[in-house]
Amino acid sequence: GGKGAVFFFFFFFFFVGENDFKLLVDAAASLGFDIDISSNKALAKSLNQCITNDPNVNNILRMLATQAMSEALYISSGDYTEDDFYHYGLAAEFYTHFTS
């Protein structure tokens, strides 16, 4: 980064492969939803659109996404693009994790 750049450490889940999301994608498709797994951001947006009259449907789809997560690591924000910062399990636009 240049002068004045601010970097943060993130508790980051690297995006996993397509096969890891097969159960999620198939379950969502059976309900008429299309899950875009091209990036963490796309997945988070897809999960946000999986809304039915039953809130349990979205919760279950999010659980399936969480099961597909890779092991989390701490990273520097300067090493990745903002699109990588989406936390698809929480569907949070930016996510950082602090421990004591």
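Residues numbered from 1 in each chain as written. Predicted model: local features only at pLDDT ≥ 70, side-chain atom pairs only at ≥ 80, totals over all residues. Heavy atoms only, no water.

Enquirer: What am I meant to see in the overall build of the protein chain here?
Expert: Looking only at helices and strands, the protein chain has three helices and two strands in total. When its helices and strands are written in sequence order, the protein chain yields β-α-α-α-β. Burial statistics for the protein chain: of 100 residues in total, 35% are counted as buried. Of the contacts made within the protein chain by residues no fewer than 6 positions apart, 60% connect residues no fewer than 24 positions apart. Accessible surface, the protein chain: about 6500 Å² in total, of which carbon and sulfur atoms supply 54%. (Helix = DSSP H or I, 4+ residues; strand = E, 2+ residues; numbered from the N terminus. Buried < 20%, exposed > 50% of the residue type's maximum accessible area, 1.4 Å probe, protein only. Contact = heavy atoms within 4.5 Å. Areas by Shrake-Rupley, 256 points an atom, 1.4 Å probe, with all protein chains shown as cover.)

Enquirer: What is the right way to look at the pattern of salt bridges in this model?
Expert: Where side chains of opposite charge bring their charged atoms close, a pairing between them can arise. By the definition in use, this model includes one salt bridge. Asp 26 is the partner of Lys 22 in a salt bridge, and the nearest nitrogen-oxygen pair spans 2.8 Å. Here Lys 22 pairs with Asp 26, and both are found in helix α1 (residues 22-30), just four residues apart, close to one helical turn. Classification of Asp 26 by relative accessible area gives partly exposed; the value is 39%. (Salt bridge = Lys/Arg side-chain N within 4 Å of Asp/Glu carboxyl O.)

Enquirer: Looking at this model, I keep getting lost on the packing of α1 against helix α3 (residues 55-67). Mind explaining?
Expert: The description of two packed helices rests on the angle between their axes and on the distance between the axes. The interhelical angle for the contact between α1 and α3, taken along N-to-C directions, is 160 degrees, at an axis separation of 8 Å. With respect to their mutual orientation, α1 and α3 come out roughly antiparallel. In the crossing of α1 with α3, the sense of the turn from one axis to the other is left-handed. Note on element contacts: α3 touches α1 through Leu 61, Leu 64 and Ala 65, opposite Leu 23, Leu 24, Ala 27 and Ala 28. Broken down by class, the residue content of the contact of α1 with α3 amounts to seven nonpolar, no polar and no charged. (Axes fitted to C-alpha atoms, helices over the stretch in contact; angles between N-to-C directions. Parallel < 35°, antiparallel > 145°, perpendicular 65-115°, else oblique. Left-handed = near helix turned anticlockwise from the far one by under 90°. Nonpolar A, V, L, I, M, F, W, Y, C, P; charged D, E, K, R; others polar.)

Enquirer: How should the side chain of Ser 46 be read in this particular structure?
Expert: Relative to the elements of secondary structure, Ser 46 occurs in helix α2 (residues 40-48). A relative accessible area of 6% places Ser 46 in the buried class. Reaching out from Ser 46, the side chain makes a polar contact with the backbone nitrogen of Asp 36 at a distance of 2.9 Å. Setting aside chain neighbours within four positions, we find Ser 46 in contact with Asp 34, Ile 35 and Asp 36. (Polar contact = N/O pair within 3.5 Å; in protein donor to acceptor, adjacent residues only side chain to side chain.)

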